[in-house]
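Fold and geometry: a report
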Amino acid sequence: MNKLYYLIALLFFSNTLIAQTGKISGEVLGSNKKPIEGAVVSLLKSKDSSFVKASIADLEGKFEFLNQKEGAYFLTITHVGFQKYTHPVFTLAGSALEIPSIQLVEDSKTLNEVTVSAKKPFVERRIDRTIVNPDALISNAGANSLEVLEKSPGVQVDFNGIISLKGKPGVVIFIDDKPTYLSAADLANYLRSLPSGSIETIEIMTNPPAKYEAAGNAGVINIKLKRNKTKGLNGGFNVNYGQGRYARTNNSLNFNYRINKINFFTNASYNINNTYQDLTITRQYFKPTGELNSGFTQNSYLKRQPSGANIKLGMDYYINKKATMGVVFSALRNPNQTPIYNNAKITNGKGELTSLNEAVLNPADKVFRNGSANVNFSYKFDSTGKELTTNLDYIAYDSEHNQSLLNNTFTPDRVFLGGSILNSSLPAKINIKTAKIDYTNPLKNGGKIETGLKTSFINTENVADFYDFIDNQNVPNYQFSNNFIYDENINAAYLNYSIEGKKWGFQAGLRYESTDIKGNQLGNRVVKDSTFKRDYSSLFPTLYVSYKLDTTDTHQLSFSYGRRIDRPDYQSMNPFTYPMDRFTLYGGNPFLRPTFSDNFEIAHTYKGRITTTLEYSYLKDPINETIEQGTNVFYSRPGNVGEQKTFGLSVSGGFQPTKWWTIQLYTEVRYNQFQAVLYNQNLNNSGTYWYFAPTNLFQISKLWSAELAGVYQTSVYSGQFVTIPVWNMRFAIARKILKEKANLKFGVSDIFYTNQVGGNIKSLANSTASWYSYFDSRVATIAFGWRFNKGKTLKARPSGGSETEQGRVKG
């Protein structure tokens, strides 16, 4: 606890080191002297009319600007149905300045057909996060959320849909500030079912503040779905059709209805994403003397036929000017048919064919369902920003997975030698309950204190019933059958302090988390019961410091540090083994330890446009997929891979060579080093990779725009794996139609069909392995989108307190 006391003392002591700032406040009234809620108040500098900040008038028509430097300013105020107002120049010379009541004049013009549009940049920067606006890229039309993430700066998505951030795995994905609670595979499937048209923004945080859970060594990616903020009925929809080898469609609808004290909102989507993977695996087995003993080549064709329906319904009730209560319900249903056709050739040490194996994995019924409910309440104590919020969440996942694995073996001359059929039923259930309370307290000097508590309870049950199909009947297979039950409880508390002066910005926080887990493998007639218990707790500090080198904000330096944790997926500690095919088995690992990481960043920003960042991370016990070779069978299971060190340099920025041409660039050079002893084999996998992603945006005319972009990535080193270099290029064009209220877009991804991945596996006992995959990556898409937006602008309320647990569900 002494560390906590020292940190609190440091937080408050720093308050005296930051330059004094002030608050500007006032109220906006109509001609009837009633408050105008939703008026947009802009603060500008008097010397050059440069924009400083914007504020939205609340229910009482009040607005405020906190932490403002002393100096001369003026205001502009706009609102639908009123004339634009410009306030005379005034001077902020103390800790607070209250502007006399401002009365707007009604506009005599008819405003029913007024459409206000503003073009957002693709990337925006904050002290603790990067914000991506997907709608800024034309090529995102018709894409799914996973494809949108892949275009975001610093985010990489591998061929299995596994997401990494700046070269590090262990990213936690949030949806609307709520965790997804999904394993990497199920998360990838869910994001493929979420159309890009339903996304408002993506927040990327490599070192998240203490308010966020400490889970995720690489950081947090928060996907915020579209939710209109205006009074009345408003919304929009997006429909599209894409054609690669197979057809696909991603469609979304969102609308908002605000009347009096009640605000209804919803977001719904439906998708079909037919695709394929053509995978070739090559393995060689050697004698202890180093002489080749046998070889194995397998081709697998996976025809993925996923579809999905998602819906989110919510309501906010504004009890009075200070208190608001809300409820949010969401549900999804994602059926997925993925038959797998395997053809394997086995050779001897001389390379001569000795046998053939044909296998079909036929999932007859695979359905993933989710339902969740959230109740939230917020109370504003006064106009200074003091606020208390609470969130209660309940999330339930339910999946069904029935499949048959057919194996037949032949001689090189295709004489049948034998066969087998293994049927299975793999249902899984996950229940998650969380409670969270947060308090925000602005200070008179411009600083702010945030604190909160959270508790979560998770229960999972995974049943695996396997049967050998013999003489036209199912015979229980106790070698693979099992029932695994897992319980977890996490309790957390945090304290965060922030302040911004004329040149200095400071934010520091401390989070405490305590974890208790229990696993119970029930066993069967052949395998005995087994249990394990574990508990651990830790402190997670965060620190952000920024400094402006000049008064024109031309150069700014920043530093950040954060300690993180990556807990194993709920089902990864299930000790049982499952057959993926005759030659590959997958198993869990009850001995997995959580990964702890320390992450440092130093950045320089030039004119708010170009950011250069130096990074260093140290990970203890990183969790990666590991491969063990045993008796000509590969065992795949999660494992702790010793330690990982990462050094990186990244550059992100926007350039505008001409008025009609904008370049958005992200590039990084990163060195990864993994050191461990795996299955009695020394692993020292290290190397440098380069990632380069330029995006060209062309404003051809008022109605026409285009995009040309690409990605190049050299070999990446991760755990036991080394991937081959890949690159791709995409093109898109768009036109505004229907009086600029709608748009029509056409695009082609991976024009030259080069985004195909492969690689090899290191540190295998007496063997080598490599793979190469073809994907349905070249897709032509046509999309139509339309949005309507009328009424007064409101401020959307965040809801949800289950920000991390969902990211660890595994099906």
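So, here's what we can say about the structure. Computed from a prediction, not measured in an experiment: that's the story for all the values here. (Residues numbered from 1 in each chain as written. Predicted model: local features only at pLDDT ≥ 70, side-chain atom pairs only at ≥ 80, totals over all residues. Heavy atoms only, no water.)

Turning our eyes to something else, we now look at the pairing of strand S20 (residues 275-286). Sheet topology note: the S20/strand S21 (residues 292-318) ladder contains 12 bridges and is antiparallel. Directly across from Tyr-285, in S21, lies its bridge partner Ser-294. The hairpin formed by S20 and S21 contains five residues between the paired strands, and Gly-290 there has a positive phi angle of roughly 95°. Sheet analysis places S20 next to strand S49 (residues 767-775), joined by nine bridges and oriented antiparallel. Within S49, the residue paired with Leu-279 across the bridge is Ser-773. (Pairing = 2+ DSSP bridges. Helix = DSSP H or I, 4+ residues; strand = E, 2+ residues; numbered from the N terminus.)

Here the idea is plain: a probe the size of a water molecule rolls over the atoms and shows the empty space left. Applying the stated criterion across every chain yields a total of 10 cavities of 30 Å³ or more. The computed volume of the second largest cavity comes to approximately 330 Å³. Lining the second largest cavity are 26 residues, and of these Ile-175, Tyr-190, Ser-330, Asn-370 and Ser-372 sit closest to its centre. Where the lining of the second largest cavity is concerned, the elements lending two or more residues are strand S14 (178-179), strand S19 (262-273), S21, strand S22 (323-337) and strand S24 (353-380). Its residues assigned to classes, the lining of the second largest cavity comprises 13 nonpolar, 10 polar and three charged. (1 Å grid on protein atoms, 1.4 Å probe; cavity = no way out; pocket = protein on both sides within 12 Å on 5 of 7 lines; lining within 4 Å. Points joined across faces, edges and corners; volume = space filled by probe spheres on them. Nonpolar A, V, L, I, M, F, W, Y, C, P; charged D, E, K, R; others polar.)

Take the pattern of salt bridges next. Evaluated as defined, the whole model comprises 17 salt bridges. Two residues, Glu-203 and Lys-224, come together in a salt bridge whose shortest N-O distance is 3.6 Å. In this pair, Glu-203 sits in strand S15 (residues 199-205) while Lys-224 sits in strand S16 (residues 219-225), placing the two residues 21 residues apart along the sequence. Given the relative accessible area of 28%, Lys-224 is considered partly exposed. For Asp-398, the salt bridge identified is with Arg-369, shortest N-O distance 3.4 Å. With Asp-398 in strand S25 (residues 387-410) and Arg-369 in strand S24, this pair connects stretches of sequence that are 29 residues apart. Under the relative-accessibility criterion, Asp-398 is labelled partly exposed at 26%. Here the salt bridges share partners, and the residues they tie into one network are Arg-369, Asp-398 and Glu-400. (Salt bridge = Lys/Arg side-chain N within 4 Å of Asp/Glu carboxyl O. Buried < 20%, exposed > 50% of the residue type's maximum accessible area, 1.4 Å probe, protein only.)

To continue, consider the side chain of Asn-589. As for its placement among the helices and strands, Asn-589 is situated in the loop between strand S35 (584-587) and strand S36 (595-606). A distance of 3.1 Å separates a polar side-chain atom of Asn-589 from the backbone oxygen of Pro-638. The contact partners of Asn-589, leaving out residues within four places of it in the chain, are Ser-572, Met-573, Asn-574, Pro-638 and Gly-639. (Polar contact = N/O pair within 3.5 Å; in protein donor to acceptor, adjacent residues only side chain to side chain. Contact = heavy atoms within 4.5 Å.)

Sheet architecture is open: four strands sit in the order S3-S2-S5-S6, paired in antiparallel fashion. Looking along the sheet, the strands with just one partner apiece sit at the ends: strand S3 (51-56) and strand S6 (85-92). Adjacent strand axes in the sheet meet at a mean angle of 25° when their direction is disregarded. Sheet topology places strand S5 (residues 71-78) next to S6; six bridges connect them, and they run antiparallel. Bridge pairing in S6 places Gly-71 opposite Leu-92. (Axes fitted to C-alpha atoms, helices over the stretch in contact; angles between N-to-C directions.)

In this structure, Asp-621 is a non-glycine residue whose phi angle is positive, near 60°. Examined against the element boundaries, Asp-621 turns out to sit in the loop between strand S37 (610-620) and strand S38 (623-630). You can call Asp-621 buried: its relative accessible area is 12%.

Here we come to the environment of Thr-781. Summarising the element assignment, Thr-781 is placed in strand S50 (residues 780-788). Taking the relative accessible area as the measure of exposure, Thr-781 reaches 12% and is therefore buried. On a C-alpha basis, the gap between Thr-781 and Tyr-241 in space is 5.6 Å, while along the polypeptide they are 540 residues apart.

The pairing of strands in a sheet happens through backbone hydrogen bonds and is either parallel or antiparallel. Taken in spatial order, the four strands line up as S34-S35-S39-S38 in an open sheet, and their pairing is mixed. Of all the strands in the sheet, just strand S34 (577-581) and S38 have a single pairing partner and so form its edges. Along the sheet, successive strands turn relative to each other by an average axial angle of 30°, direction set aside. Pairing analysis gives three bridges linking S35 to strand S39 (residues 633-640), with the strands arranged parallel. Within S39, the residue paired with Tyr-586 across the bridge is Ser-636.

The values reported here are purely geometric and, on their own, carry no functional implication.
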